[in-house]
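Each chain, written out:
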Amino acid sequence: MKQRQRPAPALPAAPAPAGGRTLRQRDQRLAYGLMAPGVIIVLGLVLLPLLWNVALSLRELRLIELRDFNPLSTEFTLENYSEVIGDRDFLTLLRTTLLYAVLGTSLSLLLGLWAALTVRSAFPGRFIVRGLILFPYVVPVVAAAFLWKTMLNPQLGIVNAWLQSLFDTGNVSFLTQRSFEVNLLGLRFGLPAAFTMIVLFEGWRSFPFAFLFILARMQAIPGELDEAAKVDGAGAVQRLRFVTLPQLRGVFAVLFLLRFIWTFNSFDEIFLLTGGSAGTQVVSVQIFEYLFGNSDIGAAAALSLVLAIVLIVLLVVYFRFVSTEETA
Amino acid sequence: MSATEAGSSRNRGTEYWVLGVLKWGSVAFFVTITAFPLLYMVSLSFKDISEVLRNPGDFFPSWAEISSLATYREVLRPVEDGGRGFLRLLRNSAVVAVATVVVTVGVGTLAAYAAARLQFFGKRTINTAMVLVYLFPAIVMAIPLFVLFSAIGLRDSLFGLMVVYLAQTIPVALYMLRSYFQSVPIEVEESALIDGCSRLGLIARVVLPLAAPALVAVGLYVFMIAWNEFLYALLFLTQSQELWTLPLGLQQLDNQEIPKTVLMAGAVIISLPIIIIFFVAERFLVEGLTAGSVKG
């Protein structure tokens, strides 16, 4: 990543001043003082809750019993884990989450690459196009989700209005039906409907993020490389494949990692668009449902830890096999 | 990389032409998928709902519809007068976001300076821990924080919400400001120290003024994160309507009784401040983002 990783230079050690301590010792004390507020707030709000989450996942605890909850009691049970993992739909849940994360991430990276290639060289109006491309990422997720929901609305949405005037299809409820019946030259098959929409939404919403990183990396590639390849007679496709893309491997590895982690855990997008219905249930929305639908705190805590563990396993696999030096 | 045919000028001409078509096709594609939804959101927010139901394909509002501002009036009017109370939500969101910015930038600057310039034991561990926190799923922390804040009575309060936002924004601020401080030449600071300036005096008189643009960029980012946040607002504040932030208030408008045009007016109101901030400070923000990488 474009980041200046210079080792922090130490100041020259001055002779011991009047205070009796060296500048270095005083600096060390000062450093702890400067760090303390941030570290205390963050660790207090992350590490402690995490430990508490483990405790919660080992209890039978309902939302209404919250008042009587004693964090120090030692009655433990693994029932929450067997409830969550033993659920009939657990594997479907994992598969949907994983598929959503992989497809959403890939789509956003591909769109981001395409957008960066488009805006790479100057053309009239380039500045405006670049600004517009950032819009889906900048706009609050709540606004973006309801914008899509309204556009895809079966009664008054623009997408259905156009589909009907063009193809005379019936009203398609994109976000509430599980699959489309497709009749292509007598060949009938179903395509996932709501699931496709959430993947498209994720790709649309996060491609500007990938775009910014890829464009920044592209503009750092020395122009001579491209020129030299041109002189050697390489066509545009060859220059893209053999000159530009190899330079982007590092940024792709990092982007895939970041976007994958965020998409794998994402809650807002799916909760707002489909609420997890019609074949779009993912782990984070299911956690919310355990908490408020079933008011079962123990199960929600257990599933959230399962989510964290699956994520950690996937990351270990990623670092082990996919990327060695690029993301280090 | 064989290039047997390349070099002939006719091939070059074809390539130039094909690339031109591809390029303008791509530009058209990206303008469509970004500008069209934006246009649709703004247009629909002015429309009369019965007009939309009668003819969904025609989404441009008439002048009469625009000048009546009926949907915006409904969204902004207080709940007691039959409106949706968005003025109050605007205030709540602004309070939480500004408080988060002030605390995060303050705390983050001190920590980032220490992480960039001072040597101390445990520095690497703290830096790694902060990156991990930044990547850690919010939903995993949501349950214990929900339980904890319910127990200590912080759940239905804007203060509680702000405290939770700090945990998400301080790592971002620390990371971005640290890479900024590292990119500033150290010589300036050295000469101030030699001239007898104390470390804290140095931070106040030399470092902060130099870092002002970076502080503004980080502050705007943190503002955007806090302004857009939905999950914790949903968990903590759903039961106290007078405390709702904009994202939560907008989500509560998504039901059968409320016209979609009103929903879109709400969406425009929540987006407008963010879009303005972004386009006023775009250069700053893009540089900050690609240097520090921000969660989204």
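Residues numbered from 1 in each chain as written. Chains lettered and ligands numbered in written order. Predicted model: local features only at pLDDT ≥ 70, side-chain atom pairs only at ≥ 80, totals over all residues.

(A) Summary view of the overall build of chain B. When you go through chain B residue by residue, the secondary structure sums to 14 helices and zero strands. Secondary structure elements of chain B occur, N-terminal to C-terminal, as α-α-α-α-α-α-α-α-α-α-α-α-α-α. The globule rule puts the C-alpha radius of gyration for 296 residues at 19 Å, and the 25 Å found for chain B is more than 25% above it. Along the longest, intermediate and shortest principal axes, the C-alpha atoms of chain B span 75 × 75 × 35 Å. Scored against the burial criterion, the 296 residues of chain B give a buried share of 43%. Within chain B, counting contacts between residues at least 6 apart in sequence, those at least 24 apart form 73% of the total. (Helix = DSSP H or I, 4+ residues; strand = E, 2+ residues; numbered from the N terminus. Rg over C-alpha atoms; globule rule 2.2 N^0.38 Å. Buried ≥ 20, exposed ≤ 12 C-beta atoms within 10 Å, placed from the backbone. Contact = placed C-beta atoms within 7 Å.)

(B) Structural view of the domain arrangement of chain B. All names here are of chain B. By domain assignment, chain B separates into domain 1 (9-68) and domain 2 (81-292). The centre of domain 1, based on its C-alpha atoms, is set 33 Å off from the matching centre of domain 2. The interface is formed by seven residues belonging to domain 1 together with seven residues belonging to domain 2. Elements that contribute at least two residues to the side of domain 1 that touches domain 2 include exactly α1 (9-46) and α2 (49-54). Here the element with the most residues in the side of domain 1 that touches domain 2 is α1; it accounts for four residues. Here the side of domain 1 that touches domain 2 is composed, by residue class, of five nonpolar, one polar and one charged. (Domains from an automatic or database assignment. Nonpolar A, V, L, I, M, F, W, Y, C, P; charged D, E, K, R; others polar.)

(C) Main features of the packing of helix α8 (residues 158-183) of chain B against helix α10 (residues 199-228) of chain B. Residue and element names in this part refer to chain B. The geometry of α8 relative to α10 is characterised by a closest axis approach of 10 Å and an angle of 155° between their N-to-C directions. Accordingly, the angle class assigned to the pair α8 and α10 is roughly antiparallel. As α8 runs across α10, the sense of the crossing is right-handed. Listed contacts from α10 to Y165, Q168, T169, V172, A173, M176, L177 and Y180 of α8 are A211, A214, V218, Y221, V222, I225 and A226. (Axes fitted to C-alpha atoms, helices over the stretch in contact; angles between N-to-C directions. Parallel < 35°, antiparallel > 145°, perpendicular 65-115°, else oblique. Left-handed = near helix turned anticlockwise from the far one by under 90°.)

(D) Seen up close, the confidence of the model for chain B. Residues and elements named next belong to chain B. Of the residues in chain B, 93% have a pLDDT of 70 or more, and the chain-wide mean is 85. Within the model, the stretch residues 292-296 combines pLDDT values under 50 with 16 contacts to residues more than four positions away or in other chains. For this predicted complex, the interface confidence comes out at an ipTM of 0.87, alongside a pTM of 0.87. (pLDDT = per-residue confidence, 0-100.)

(E) Local environment of the interface of chain B and chain A. Contact residues are listed per partner, giving 90 residues for chain B and 90 residues for chain A. The element best represented in the side of chain B that touches chain A is α1 of chain B, accounting for 15 residues. Looking at the side of chain B that touches chain A residue by residue, the classes come out as 65 nonpolar, 16 polar and nine charged.

(F) Broad picture of the confidence of the model for chain A. Residues and elements named next belong to chain A. With 88% of its residues at a pLDDT of 70 or more, chain A shows a mean pLDDT of 83. When pLDDT is averaged over each element of chain A, helix α5 (residues 141-151) comes out on top at 95 and strand β1 (residues 179-184) at the bottom at 73. Of the regions scoring below 50 in pLDDT, residues 1-9 engages in 18 contacts with residues more than four places distant in sequence or in other chains. Under a pLDDT of 50 for its full length, residues 13-18 has, in the predicted model, seven contacts with residues more than four places off or in other chains.

(G) Spotlight on unusual backbone geometry. With a phi close to 40°, S295 of chain A is a non-glycine residue in the positive phi region. With respect to the helices, strands and loops of the structure, S295 of chain A is situated in the loop between α12 (283-293) and α13 (297-322). Its 15 C-beta neighbours within 10 Å are what place S295 of chain A among the partly exposed residues. Phi angles above zero are rare outside glycine, and L69 of chain B is one such case at about 55°. Tracing the backbone shows L69 of chain B in the loop between α3 (63-68) and α4 (70-76).

(H) Region of interest: the environment of E181 of chain A. Residues and elements named next belong to chain A. Summarising the element assignment, E181 is placed in strand β1. Separated by twelve residues in the primary sequence, E181 and A193 place their C-alpha atoms 9.3 Å from one another. With near-sequence residues (within four places) excluded, E181 lies in contact with R188 and G190.

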